[in-house]
Amino acid sequence: MTHEEDTIEQRNVLGLLLGKISPYYNNINNNGGTKILYPVGLSLRSFIPPLRRLSFPVLETVHDRLYDLHCRFSRSPQFLHSPTSVVFFPLAEQEKEPKFWNTWAQRTLKNALTLETLNRNTAKNLILFLGDGMGVPTVTAARILKGQLNGQSGEETQLEMDKFPFVSLAKTYNTNAQVPDSAGTATAYLCGVKANEGTVGVSAAAVRSQCNTTEGNEVTSILKWAKEAGKSVGIVTTTRVNHATPSASYAHSVDRDWYSDNEMPADALKDGCKDIARQLFENIPNIDVVMGGGRKYMFPKNTSDVEYPGVAKHSGTRKDGRNLVQEWIDKMRNKRGHYVWNKKQLLSLNPTSVDYLLGLFEPADLPYNLERNTETDPSLTEMVEVAIKILRKNPKGFYLLVEGGRIDHGHHEGKAKQALHETVEMDRAIGQASLMTSIHDTMTIVTADHSHVFNFGGYTVRGNTIFGLAPMMSDVDQKPFTSIIYGNGPGYKLVNGGRENVSTVDYQDSNYQAQAAVPLSMETHGGEDVAVFAKGPLAHLLHGVHEQNYIPHVMAYAACIGQNREHCFTSSGSAVLPHLPLLFPITEVVKPLNQ
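Residues numbered from 1 in each chain as written. Predicted model: local features only at pLDDT ≥ 70, side-chain atom pairs only at ≥ 80, totals over all residues. Heavy atoms only, no water.

- In the annotation of an unreviewed UniProt entry, the entry for the protein reads Alkaline phosphatase, and the organism field reads Cyclopterus lumpus.
- Its UniProt record, at the heading Catalytic activity (unreviewed entry), says of the protein: "a phosphate monoester + H2O = an alcohol + phosphate". (UniProt positions renumbered as here; feature names shortened; annotations may be inferred.)

### Focus on the nonpolar core
In step 1: Formed by 101 residues in total, the largest nonpolar core has its most connected members in F129, L190, M298, L357 and Y399.
In step 2: In contact with M298, other than residues within four places in its own chain, are V241, A277, L280, F281, R318, R322, N323, L324, V325 and L360.
In step 3: In terms of nonpolar packing, the next biggest core, distinct from the first, is built from 17 residues, A141, A142, Y512 and A514 among them. (Core = buried A, V, L, I, M, F, W, Y, C linked by side-chain atoms within 4.5 Å. Buried < 20%, exposed > 50% of the residue type's maximum accessible area, 1.4 Å probe, protein only. Contact = heavy atoms within 4.5 Å.)

### Thoughts on the sheet that holds strand β17 (residues 545–547)
In step 1: Pairing is mixed across the open sheet formed by ten strands, whose spatial order is β5-β6-β4-β3-β7-β1-β8-β16-β2-β17. The sheet is open, and its two borders are formed by β5 (337–340) and β17, each paired with just one other strand. Across this sheet, the average inter-strand angle for adjacent strands is 15 degrees, counted without regard to direction.
In step 2: For strand β2 (residues 166–171) and β17, the ladder comprises three bridges, and the chain directions are parallel. Across the sheet, the residue bridging to A170 is H546, located in β17.
In step 3: Sitting on the sheet, helix α17 (residues 416–436) touches β1 (125–131), β3 (232–240), β7 (398–404), β8 (442–448) and β16 (530–535), and the angle it makes with β1 is about 170 degrees. (Pairing = 2+ DSSP bridges. Helix = DSSP H or I, 4+ residues; strand = E, 2+ residues; numbered from the N terminus. Axes fitted to C-alpha atoms, helices over the stretch in contact; angles between N-to-C directions.)

### Things to note about the pattern of salt bridges
In step 1: By the definition in use, this model includes 31 salt bridges.
In step 2: The residue R143 makes a salt bridge to D162 at a minimum N-O spacing of 2.8 Å. Here the residue R143 occupies a position in helix α7 (residues 136–149), and D162 occupies one in the loop between α7 and β2, the gap between them amounting to 19 residues. Comparing R143 with D162 shows no difference in burial state: the two are buried.
In step 3: Between K393 and D355 there is a salt bridge, with its nearest N and O atoms 3.2 Å apart. Placement of K393 in the loop between α15 (380–391) and β7 and of D355 in the loop between α14 (343–347) and β6 (356–360) is noted, with a sequence separation of 38 residues between them. (Salt bridge = Lys/Arg side-chain N within 4 Å of Asp/Glu carboxyl O.)

### Regarding the state of the cysteines
In step 1: On inspection of all chains with the given rule, the structure shows two disulfides.
In step 2: The residue that forms a disulfide with C211 is C273, at a sulfur-sulfur distance of 2.0 Å. Because the torsion about its S-S bond is 110 degrees, the bridge between C211 and C273 counts as right-handed. Of this pair, C211 sits in the loop between α8 (182–191) and α9 (222–228) while C273 sits in the loop between α11 (266–270) and α12 (276–282), placing them 62 residues apart in sequence.
In step 3: Judged by relative accessible area, C273 falls into the buried class, the value being 13%.
In step 4: Here C560 engages in a disulfide with C568; their sulfurs sit 2.1 Å apart. Sign of the S-S torsion, about -105 degrees for the bond between C560 and C568, identifies this disulfide as left-handed. In this pair, the class of C560 matches that of C568, namely buried. (Disulfide = S-S within 2.5 Å.)

### Things to note about α15
In step 1: Given a rise of 1.5 Å per residue, twelve residues ought to cover 16 Å, and the 16 Å separating the end C-alpha atoms of α15 matches this to within 8%.
In step 2: Within α15, ten of the twelve residues are buried, which leaves it mostly tucked inside the rest of the structure.
In step 3: Every buried residue belonging to α15 is among L380, T381, E382, M383, V384, V386, A387, I388, I390 and L391, and all of these are buried. (Expected span 1.5 Å × (residues − 1).)

### Some thoughts on the sheet that holds strand β10 (residues 454–456)
In step 1: Taking strand neighbours across the sheet as the criterion, the three strands line up as β10-β11-β14 in an open arrangement whose pairing is mixed. Each of the sheet's edge strands pairs with one partner strand only, and the pair in question is β10 and β14 (516–519). On average, adjacent strands in this sheet sit at an angle of 20 degrees to one another, irrespective of strand direction.
In step 2: Relative to strand β11 (residues 484–489), β10 runs antiparallel, the two being bridged by three bridges. Bridge pairing in β11 links F456 to I484.

### A closer look at the packing of α7 against α17
In helix packing, the relevant descriptors are the interaxial angle and the interaxial distance, both defined with respect to the helix axes.
In step 1: α17 packs onto α7 with a crossing angle of 75 degrees between their chain directions and a minimal axis gap of 9 Å. In terms of their interaxial angle, α7 and α17 are classed as roughly perpendicular. Only L420, H421, T423, V424 and D427 of α17 make contact with α7, whose side of the interface consists of T138, A141, A142, L145, K146 and L149.
In step 2: Counted by class, the contact of α7 with α17 contains six nonpolar, three polar and two charged residues. (Parallel < 35°, antiparallel > 145°, perpendicular 65-115°, else oblique. Nonpolar A, V, L, I, M, F, W, Y, C, P; charged D, E, K, R; others polar.)

Right under this line is the structure:
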C-alpha cells in the first residue's frame, strides 16, 4: 500500500469500529457523563479480517485511537469493575511475526534518541506522586490489572508512569532500619534527610517517642521551600492528612502516631510537643490545598461527626477542645477559602474563585476505591484535578504532593485486589495530571516509599487473570495456589493441619487475603529498592541507583528553590548545567600524610 492508501484504509476501518462501538456507550448524562452503561457482549472479533489487511504501523495507530476512546469511557466505576468481553485486536497473531517486535523496538529506539536533547528548562511546577508500598512487583501487577480491566491480556499494557522517560532506583532504608517504615522514608524524599523509623520532619538525632529530642533536630520539606519561593502548594492523599506521608511535609514529630493530642502521652504534652493535626495548621501558614481524610482529629473530643452522627469511633478526639476546622474557616473567611467534606461539595466549587481549599472527606482514611461511594466520596483522580485547577493559577507555579496511601493498607491486610486497584486509580490520577500540565515546565516524579513482601508467579500463561490460579498443582501438597502470594501476613491459614485449598474459597473476592508463608496479623514492608519515574525539566538527573533523600534535592534544583540555586541566575532563565554543584558541603579536608 502507498501511504495515501494506508491513510484511507485506516480512516475506513476506524470509522467502522467507532460506528459499531458508539451505540453501546449510551446513557451519558448532561453533567459530566459519568453514568455509562457497560457494553456487555460487545466483541470486535468480526473485525479481524479487515484489520489483517493493514500494515502494522497503521494497525497500531487505529488501535491507539480506539484505545484512547475506550479509556475516556472507562472512567466509570461501573465500567471498570465489570468483567470484560471486549477483544480489541488479534495481537497474538501479530506477535508471531519478528516484524512486530522489530518494528516496536525500532520505534522505541527512535523515541529514546530524542532524549539526547535534554530538557534543561526551569521547572515552574513540581508534582510528586507517592504510591505508599508500591514496590516493583506491585507496579507490574497493576499494569497487568489495568490492561485486563480494559479487555487486554494485560502484560503489554503501559501504565501512565511507564511512559515517563527516566527511571531510577531509590534505596529505602531508614537510618536505624534495614526494612523501613513510611515515616522515616517520607522525611527522606520530602525533606532530603534520612531519618529514624517512626519519626517525621526530624533528623536521625531525634529518638522516636522522646519529645525532648525534637527541638533543634527539625528539618524542613520541599513543600515549605516551594511556599517560601512564592509557589502555591498542596497535599492530596487517600489516607488521613496527618498520616506519615503527608505529615512529613509540614510537621516535626518524633512519633508518627501523634495524630491529635489524644494519642500523645502526658509527658510529651507537658514538654511542649504538638500533635500532628495542630501542626498542619500552624507550622506552614496558608497551605493552599489540603485534601484527604482525618476529620476526627480536628474536632473536640466526642463531637459527633457530620457524616456519621452518633458513631463513637468517628467522633472528635481532641482533648484541648479546639475545633481546628472552624479556626481554619474563620481565618480564611475573606481569603476565598472553602472547606468541604463530600464529593458533591468538592465538585460544585468553581476553582477560579477558590484560593484555599480544605477537604476532609472521612473521619480517618478514605475508603478503598473498590468500596468507595461514588456519590459521596471523591476519587483520587477527582481530587487531583481540582487541586491542579486551583494551584496552577499562581504565575510562579506550584508544588503538589499526591499520595496513593491505601496501596499500603491493602498489602498490610493481605488484600492484593484492594492494593492493586488503588495502584490503578493512582495511575489514572497521574494521567489526569499529565493532561493538565506540560513536560516543558512541570517536573513530575512517581515513586514509592517502600515495598511489600508481595509477589506473583507460578508460570501463569499469558493473559491469566492477575488474581487467578497458577496453572499447576503444588507437587508437595497436591493443592492449587494463586499466582499472587505474600511472604508473610494474615493470609496464612491451616485447614486440618494443612494449607488451605484455595479452590474452596472465592479467591477473586475484593477482600480475599492471599496466602502467606508466615503467619502475621499484618503483612510487613519489603526492603528492596523502589522505582523512581521522572519526566519534565532536568528529569535526567534521576538516573541509576540513589539514596531516597536525593529526590527532593533534584526537584528543588530543577525548580530553583531551596538551598542550591546558583545555577538559576542566567540571562535566559533556563537551568543551565555546565556541571552539577555539590548538594552537600565538604566539611573536612584530608591532608597529605607528610603534613
